Amino acid sequence: MATPIGNLNDITERAKTTLTEVDMIACEDTRHTGKLLHHLGIQNKLIAVHDHNERDKIDWIASCLEKGQSIALVSDAGTPLISDPGYPLVSGLRERGMKVQPVPGVSAIITALSGAGLPTDRFTFEGFLAHKSGAKRERLETLIQETRTMVFYESKHRILDTLKVMAEVFGADRKASVARELTKTFETYYSGNLAEITEEISADHQQQKGEFVVMITGNPEPDSAGAVDSEKLFKLLLKELP
Ligand code: SAM
């Protein structure tokens, strides 16, 4: 179930009822979720389920559910499984034929897109890129022909490097939007092309703080030669198949 990404009032009535009524809450960080519960005036049992122990906990959680217990899964912010823990658990429970009910709410990707003013009829979520510039560039190069709006998550440690590499790969004049600190006091949108946005964020150290969603419009003129190449490649690969 989803929890806020900044503004603690961004939580649904259904989420509050769920947090109150379940037998326990599986969360990434018990201190972090403890603070949210304290803010909401809710007391409940917290168990830590994060990237490092999630797979080991699946059987135990499944056995609790089989006994009729109810468990809410939350991450530190936003929607679990969206660049957050939860995938092994939810897929493991589904494979066991167990019931999993989403309790929808905030996610940074949809929040960012809804305020950016870029095309949202079709988009692709790319999550976090690799930390190292070389691997990052390689991943971005696979998206050069992408015509849909592309959405990336990025941290304050890498935002400038990432924007610079994006401008090199997609072109400095590609239209984009960067959303920083959504739903928080210093919420800011930077709009323009990749060069303008990079310059604006580079110019002020304060603008490099916080959490970021980077949105880039798709390629307005995809290279038809690229499409022919992939067709050729596909045919070559088919020949190799037994
Ligand atoms: N599960 C979350 C969701 O549903 O959006 C995402 C968690 S992921 C570990 C954290 C990343 O999400 C941040 O590095 C940032 O890219 C993005 N993010 C989360 N909260 C944000 C906010 N308030 N403003 C901008 N970006 C945010």
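Here goes a summary of the coordinates provided. Here the residue numbering is sequential within each chain, running from 1 through the sequence in written order. A pLDDT threshold of at least 70 governs which residues receive local features in this predicted model, and a stricter bar of 80 or more applies before side-chain atom pairs are shown or counted, although totals over entire chains, interfaces and linings include all residues.

### Concerning the site of the ligand
Piece 1. Using a C-beta atom placed from the backbone, a residue is scored as near a molecule or strand whenever that atom is within 6 Å of it. Around the ligand, 23 residues are found, and the nearest of them are Gly-78, Ser-107, Ala-108, Tyr-153 and Leu-182.
Piece 2. Secondary structure elements follow DSSP: runs of H or I of four or more residues count as helices, runs of E of two or more count as strands, with numbering from the N terminus. Mapped by element, the contributors of at least two residues to the shell around the ligand are helix H5 (108-116), strand E5 (149-155) and strand E8 (211-216).
Piece 3. By the convention adopted, Pro, Cys, Tyr, Trp, Phe, Met, Ile, Leu, Val and Ala count as nonpolar, Lys, Arg, Asp and Glu as charged, and the other residues, Gly among them, as polar. Tallied by class, the residues present in the shell around the ligand amount to 10 nonpolar, eight polar and five charged.

### Examining the pairing of E8
On a regular strand, each side chain points to the face opposite its neighbour's, so the side chains alternate between the two faces of the sheet.
Piece 1. E8 sits mainly inside the fold: five of its six residues count as buried.
Piece 2. Bridge count for E5 against E8 is six bridges, and the pairing is antiparallel. In the strand pairing of E8, Tyr-153 is matched with Val-213.
Piece 3. In terms of strand pairing, strand E6 (residues 175-180) meets E8 through five bridges, oriented antiparallel. Of the residues in E8, the one forming a bridge with Ser-177 is Met-215. Partly exposed residues are those falling between the two cut-offs: more than 12 but fewer than 20 other C-beta atoms within 10 Å of their own, whereas 20 or more means buried and 12 or fewer means exposed, with C-beta atoms placed from the backbone. Two strands pair under a simple rule: DSSP has to find at least two bridges between them.

### Points about unusual backbone geometry
Piece 1. Residue Leu-81 is not a glycine yet carries a positive backbone phi of 75°.
Piece 2. In this structure, Leu-81 sits in the loop between strand E3 (71-73) and helix H4 (87-95).
Piece 3. Note on Leu-81: 17 C-beta atoms within 10 Å, which makes it partly exposed.
Piece 4. One non-glycine residue, Glu-181, lies in the positive phi region at around 55°.
Piece 5. Judged by the 16 C-beta atoms lying within 10 Å of it, Glu-181 falls in the partly exposed class.

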